[in-house]
Amino acid sequence: MKSIVVLAFFITFQSILACDDGWLSYNGHCYLFSHDIQSWIGSEGVCFHFGAYLAEIDDNAEDMFLQNFVNMFAKTYWVGGTDLSNEGDWIWANSKKHFSRTYDRWQGNEPNNKHGLENCLMLGSFGWNDSTCPSQVNYICEKN
Ligand SMILES: [Ca+2]
Ligand SMILES: [Ca+2]
Ligand SMILES: [Ca+2]
């Protein structure tokens, strides 16, 4: 009986403390959809300041969780993908994992590296698109 009470307390405690105020919980991780806009590099800095990182989309389930909120908020967001260091080789900035070994959901002809200047991953109602890193848009931070 005692262990059940302790367990119930633990579960309640965990769900209350799962994420900080304003962060959304999914599959053991916490996500912040920003209210402000930043460049991709600026976004990375803000997430880091929160002890987080620009969101890394590891699989379709996480992708759909984020996409639903992107559609609901009707804004465009930076997430943590980039090919800044090696054109065409997309990696997640925090974990350094290559998209080719994980998951991607590029839309249409993306990534098209338009004008040779698109090196950061943007998530919008359109899905995944590479865009120009200095553009100021909203961003999604993720915390383990
Ligand atoms: Ca993730
Ligand atoms: Ca590029
Ligand atoms: Ca593009």
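The structure contained in this document is the topic of the report that follows. Every value quoted in this text rests on a predicted model; they were computed, and no experiment measured them.

### Considering the overall build of the protein
(1) Moving on: The helix and strand tally for the protein stands at three helices and eight strands.
(2) Moving on: When its helices and strands are written in sequence order, the protein yields α-β-β-α-β-α-β-β-β-β-β.
(3) Moving on: Across the 144 residues of the protein, 42% fall into the buried class.
(4) Moving on: In the protein, once contacts between residues fewer than 6 apart in sequence are set aside, the share between residues at least 24 apart is 66%.
(5) Moving on: As displayed, the protein offers around 8200 Å² of accessible surface, 57% of which is attributable to carbon and sulfur atoms.

### Quick look at the coordination of the calcium ion (ligand 3)
(1) Moving on: At this site the calcium ion (ligand 3) is bound by E110 (OE), N112 (OD1), E118 (OE), N129 (OD1), D130 (O) and D130 (OD), with donor distances of 2.2 to 2.5 Å.
(2) Moving on: Angles of 70 to 146 degrees at the metal separate the six donor atoms of the calcium ion (ligand 3), which places the site in the irregular class.
(3) Moving on: Each donor residue of the calcium ion (ligand 3) lies on the same chain, and together they follow the pattern E-x1-N-x5-E-x10-N-D. Of this pair, E110 sits in the loop between strand 5 (91-92) and strand 6 (120-124) while N129 sits in strand 7 (residues 127-131), placing them 19 residues apart in sequence.
(4) Moving on: Its relative accessible area of 14% is what places N129 among the buried residues.

### A closer look at the coordination of the calcium ion (ligand 2)
(1) Moving on: Taken together, the protein ligands of the calcium ion (ligand 2) are D83 (OD), D83 (OD), E87 (OE), E87 (OE), N113 (OD1), E118 (O) and N119 (OD1), with distances of 2.4 to 2.8 Å.
(2) Moving on: If you list the donors of the calcium ion (ligand 2) from N- to C-terminus, the spacing comes out as D-x3-E-x25-N-x4-E-N.
(3) Moving on: Residue classification places N113 among the buried residues on the basis of a relative accessible area of 19%.

### Description of unusual backbone geometry
(1) Moving on: Here the amide bond leading from E110 into P111 is cis, since omega sits at -5 degrees, within 30 degrees of zero.
(2) Moving on: Residue K96 is not a glycine yet carries a positive backbone phi of 65 degrees.
(3) Moving on: Tracing the sequence through the fold places K96 in the loop between strand 5 and strand 6.
(4) Moving on: Residue classification places K96 among the exposed positions, given a relative accessible area of 54%.

### A few points about the pairing of strand 6
(1) Moving on: Burial analysis of strand 6 places five of its five residues in the buried class, which makes it a mostly covered element.
(2) Moving on: The side-chain alternation of strand 6 yields two buried faces, one formed by C120, M122 and G124 and the other by L121 and L123.
(3) Moving on: One ladder, built from three bridges, connects strand 4 (residues 77-82) with strand 6; its direction is antiparallel. Within the sheet, the bridge partner assigned to W78 lies in strand 6 and is M122.
(4) Moving on: As defined by bridge partners, strand 6 adjoins strand 7 across five bridges and the pair is classed as antiparallel.

### A look at the state of the cysteines
(1) Moving on: One pass over the full model with this rule turns up three disulfides.
(2) Moving on: A disulfide bridge connects C19 with C30, and the sulfur atoms are separated by 2.1 Å. The S-S bond linking C19 to C30 shows a torsion near -95 degrees; that makes this disulfide left-handed. On the criterion of sequence distance, the pair formed by C19 in the loop between helix 1 (2-17) and strand 1 (24-26) and C30 in strand 2 (residues 29-33) is long-range, its members being 11 residues apart. This pair shows no difference in class: C19 is buried, exactly as C30 is.

Conventions we followed
- Residues numbered from 1 in each chain as written.
- Chains lettered and ligands numbered in written order.
- Predicted model: local features only at pLDDT ≥ 70, side-chain atom pairs only at ≥ 80, totals over all residues.
- Heavy atoms only, no water.
- Helix = DSSP H or I, 4+ residues; strand = E, 2+ residues; numbered from the N terminus.
- Buried < 20%, exposed > 50% of the residue type's maximum accessible area, 1.4 Å probe, protein only.
- Contact = heavy atoms within 4.5 Å.
- Areas by Shrake-Rupley, 256 points an atom, 1.4 Å probe, with all protein chains shown as cover.
- Donors = N, O, S within 2.8 Å, 3.2 Å for Na, K, Ca; no water.
- Tetrahedral: all angles 85-135°; square planar, octahedral: opposite > 155°, others 65-115°.
- Pairing = 2+ DSSP bridges.
- Disulfide = S-S within 2.5 Å.

Coordinates in, geometry out; function isn't part of it.
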